[in-house]
Structure formats: structure tokens, C-alpha cells
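Coordinate analysis (summary)
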Amino acid sequence: YLDQSSDEIKKPKKCHLLYIDDSALLLQKELIKLYEPFKPLTIADNEWFLDSGGMINLVEVSRKIRWEVNHKVIKDTEIAISSKVLRLAVNKEKK
């Protein structure tokens, strides 16, 4: 996890979901790689998250929260995500 007082990444603990907020924006690639052995569902809300290897990026569309998905990363994991959730994603292209 990210220690806010020192901006250091500590030894990760097993988790099923990893949310990366804006305070760790510059470290998101490193955090995703660090937690990769635990295979968590990764979620954030910034425009660079999917390109950094994240799975679900939250976006605002017409004043509503929607999501984009990184189809390739999700497909390469053992995480089962409902096809309905994938169909409702803002980005329809398969990556």
C-alpha cells in the first residue's frame, strides 16, 4: 500500500480489489505490477489507468458515473466479470 506520510510503497497484502486514487496517480503502473501476484480487480478514475494496465476506469458521462474496461487485461486474468457489465462499458472496442 502507499504510505501517505512518506510516499513510499509498502509490502503489499493480499486483496481482491485494488482501488488506486489520485494520490497514487504517478505510481499506478508500479502498484498494478506490485499487486499482480494477487490478481485483484483493479479500479481507478483517471484517463491513463487503462493504458497503465488497469481493468476498470470510472468516468463521468452526462453527469452519471460509467466505466471503461480494459478487455485484454480482464481476459488475461482469472476474474469473471459479467458480460452485462462488459456490454454496459462506455468503450465498446475490444482491446
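Here is a short report on the structure shown in this document. Since we're looking at a predicted model, the values are computed, not measured. (Residues numbered from 1 in each chain as written. Predicted model: local features only at pLDDT ≥ 70, side-chain atom pairs only at ≥ 80, totals over all residues. Heavy atoms only, no water.)

As judged from the 2 bridges shared by strand β4 (residues 41-44) and strand β5 (residues 56-61), these two strands associate in the parallel manner. When the sheet's bridge partners are listed, Ala44 is paired in β5 with Asn57. Pairing between β5 and strand β6 (residues 64-69): 6 bridges, direction antiparallel. Paired with Ile56 across the strands is Val69, a residue of β6. Counting the residues in the hairpin turn of β5 and β6 gives 2 residues, including Ser62, whose phi is positive at 50 degrees. (Pairing = 2+ DSSP bridges. Helix = DSSP H or I, 4+ residues; strand = E, 2+ residues; numbered from the N terminus.)

Before going further, it helps to examine the sheet that holds strand β3 (residues 17-20). Spatial ordering of the open sheet is given by β3-β4-β5-β6, a layout of 4 strands whose pairing is mixed. Sheet topology places β3 and β6 at the edges, where each strand pairs with a single neighbour. In this sheet, adjacent strand axes meet at a mean angle of 30 degrees when their direction is disregarded. Here β3 runs beside β4; their pairing, made up of 4 bridges, is parallel. The residue of β4 that forms the bridge with Leu18 is Thr42. (Axes fitted to C-alpha atoms, helices over the stretch in contact; angles between N-to-C directions.)

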